[in-house]
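Each chain, written out:
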Amino acid sequence: MNRNHDNAPALEVIELKTADRPAYGIVWLHGLGADGHDFVPLAQAMPRLAARGVLYRFPHAPYRPVTINNGMIMRAWYDITGMELNRGHDGAGIAASVNAVRALIAGEQTLPAARLFLAGFSQGGVIALATGLGIETPPAGIVALSCYLPGAGLPAPWPHPAARQVPVFMAHGRHDPLIPPALGEACRRALQAAGISVDWHTYPMQHQVCAEEIADLETWLLARVAQIDGGEAK
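First, a word on scope: everything that follows refers to the structure included in this document. (Residues numbered from 1 in each chain as written. Predicted model: local features only at pLDDT ≥ 70, side-chain atom pairs only at ≥ 80, totals over all residues. Heavy atoms only, no water.)

**Description of the nonpolar core**
Counting 38 residues, the largest nonpolar core has Leu129 and Leu191 as the members making the most contacts within it. Elements represented by at least two residues in this core include exactly β2 (24-29), α3 (91-106), β6 (116-121), α4 (123-132), β7 (141-145), β8 (168-173) and α5 (181-193). The greatest single-element share of this core, amounting to six residues, is contributed by α3. In contact with leucine 191, other than residues within four places in its own chain, are Leu129, Leu133, Trp158, Val168, Met170, Ile196 and Val198. Formed by 29 residues, the second largest nonpolar core is a distinct cluster that contains Leu42, Phe169, Leu221 and Val225. (Core = buried A, V, L, I, M, F, W, Y, C linked by side-chain atoms within 4.5 Å. Buried < 20%, exposed > 50% of the residue type's maximum accessible area, 1.4 Å probe, protein only. Helix = DSSP H or I, 4+ residues; strand = E, 2+ residues; numbered from the N terminus. Contact = heavy atoms within 4.5 Å.)

**Quick notes on the sheet that holds strand β3 (residues 54-59)**
In space, the seven strands of this open sheet follow the order β1-β3-β2-β6-β7-β8-β9, with mixed pairing throughout. Taken across any chain shown, the strands that pair with only one partner, and hence form the sheet edges, are β1 (13-17) and β9 (198-203). Mean inter-strand twist for the sheet, computed between neighbouring axes without regard to direction, equals 15°. Taken together, the four bridges between β2 and β3 define a ladder with parallel strand orientation. Across the sheet, isoleucine 26 pairs through a bridge with tyrosine 56, a residue of β3. (Pairing = 2+ DSSP bridges. Axes fitted to C-alpha atoms, helices over the stretch in contact; angles between N-to-C directions.)

**Structural notes on the pattern of salt bridges**
As enumerated under the stated definition, the model contains seven salt bridges in all. Linked through salt bridges whose partners overlap, the residues forming this network are Glu15, Arg57 and Glu108. (Salt bridge = Lys/Arg side-chain N within 4 Å of Asp/Glu carboxyl O.)

**Points about the packing of α3 against α4**
Contact geometry of α3 with α4 gives a least axis separation of 9 Å together with a crossing angle of 65°. The angle between the axes of α3 and α4 places the two elements in the roughly perpendicular class. Like other packed secondary-structure pairs, α3 and α4 cross with a definite hand, here right-handed. Contacts between α3 and α4 involve Ile94, Ser97, Val98, Val101, Arg102 and Ile105 on the former and, on the latter, Ile127, Ala130 and Thr131. (Parallel < 35°, antiparallel > 145°, perpendicular 65-115°, else oblique. Left-handed = near helix turned anticlockwise from the far one by under 90°.)

Written out as structure tokens, the structure reads:
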């Protein structure tokens, strides 16, 4: 049974429309220490997608102390307690962020889940996977950049049976010093073992995004949009 998200805290959100009446939506989750402004430039970096009419929502993670950063308070989707990211997960923090994002999606009044994409970078990618593959009304697709699969905090059942057909775009920097590529590859293998379709990409970069990656992502999103439009036309 999925966790109840009725009491999840409301997230502060930046909204950006590329058309007066958007046909698609993307919820984009930032990484540790950043905020929703971090990926706003994406709307301009993917002009072909913008022409289709997109409602972007860029939520801010809540402020919390982060152990690995000497307890400094910053925007974070969950605490990180050590360099071994596949151990010692803040399960309660992950679960709380999953609930908050679920509440944000559930509150969407203008677009159905079949026209919504859930995306994230680093910590945001972790929450995008945890949320999008654990929800009974899954999104049209999930974008998970430079991230990994946590060992705690995932809603149960996970993946949700209804979400096993959700396509996933994953990408990772081959020289990432913060989240080793091996963790991203382990996440990819785990998703594929669960029967989830993963489009996997690597790039000659560190813990960041690059122009080639965004171009590939735009092409992937446009293909998903074409499938949605084609399916509705039948």
